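Topology and contacts: notes
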Amino acid sequence: MAAENNHIIHWSLFVHGNWKMHIAATERGLCFIGSQNQSFGELSVWARKRLPGRLIIQDEAKLQPYARELFEYLKGARNNFTLPLDLYGTPFQLSVWDALCQIPYGQTRTYTEIANAIQKPASVRAVGTAIGANPLLITVPCHRVIGKNGSLTGYRGGLDMKLQLLELEKDTSLAERNLL
């Protein structure tokens with residue numbers, strides 16, 4: 001008997017230049033973007049924890065629209081994502097991830113600013129933990145969160161990946177401003 005579609009996680013390996021990441025989606029939307037150059041195990045561990053019992057099936061065609069948006073973003077031709085997301089987390093995590101999505105392209109916020117944005121100013125450490133659990137690198141832009149003193153702080157994809165994303169957005173934002 002075939003598995004129902006809502007019990008399937010579709011995945012693909014996204015490759016663009018030096019970017020290589022596993023991406024995954026359910027029938028409801030994109031649910032996972034892995035760290036740069038990590039193995040399939042990163043996706044597998046996340047899926048077992050967050051969506052236990054679901055089949056994980058490779059499906060390039062299903063992930064193609066999401067890969068196209070990622071490709072456009074990494075080329076500097078897209079500064080927001082339009083396809084649906086399917087996030088799995090606690091209500092607190094979901095509120096933090098929603099606040100991350102409100103950070104404009106090319107800008108950064110501190111952990112304190114995110115805690116204030118969700119009206120939990122005493123929860124700075126918990127905000128950091130929720131950001132660290134973000135399953136959708138890039139599309140839920142946790143790379144835009146920096147330390148209070150302006151320093152780069154932890155990032156599931158690694159500080160090198162975070163720096164690359166911030167530089168991409170900075171360069172693209174500067175180019176757009178120069179065209180105005």
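Per an unreviewed UniProt entry, the protein is named Methylated-DNA--protein-cysteine methyltransferase, and its organism is Peribacillus saganii. Looking at the protein in UniProt, the text filed under Function (unreviewed entry) is "Involved in the cellular defense against the biological effects of O6-methylguanine (O6-MeG) and O4-methylthymine (O4-MeT) in DNA. Repairs the methylated nucleobase in DNA by stoichiometrically transferring the methyl group to a cysteine residue in the enzyme. This is a suicide reaction: the enzyme is irreversibly inactivated." According to its UniProt record, the protein has this under Subcellular location (unreviewed entry): "Cytoplasm".

**Concerning the UniProt feature "domain: Methylguanine DNA methyltransferase ribonuclease-like" (unreviewed entry) in the protein**
Here the UniProt feature "domain: Methylguanine DNA methyltransferase ribonuclease-like" (unreviewed entry) sits at residues 19–87. With 38% helix and 25% strand, residues 19–87 has its two end C-alpha atoms placed 23 Å apart.

**Side note on the pattern of salt bridges**
Counted according to the given criterion, the structure contains 6 salt bridges. Between arginine 28 and aspartate 86 there is a salt bridge, with its nearest N and O atoms 2.7 Å apart. A residue pair is termed long-range when its members are at least 10 positions apart, and arginine 28 in the loop between strand 2 (19–26) and strand 3 (29–33) and aspartate 86 in the loop between helix 2 (60–74) and helix 3 (91–101) qualify at 58 residues. Note on aspartate 86: relative accessible area 2%, which makes it buried. Across the pair glutamate 69 and arginine 78 runs a salt bridge whose closest N-O atoms are separated by 3.5 Å. Counted as one network, the salt bridges with shared partners bring together Glu69, Glu72 and Arg78.

Conventions and cut-offs
Residues numbered from 1 in each chain as written. Predicted model: local features only at pLDDT ≥ 70, side-chain atom pairs only at ≥ 80, totals over all residues. Heavy atoms only, no water. UniProt positions renumbered as here; feature names shortened; annotations may be inferred. Helix = DSSP H or I, 4+ residues; strand = E, 2+ residues; numbered from the N terminus. Salt bridge = Lys/Arg side-chain N within 4 Å of Asp/Glu carboxyl O. Buried < 20%, exposed > 50% of the residue type's maximum accessible area, 1.4 Å probe, protein only.

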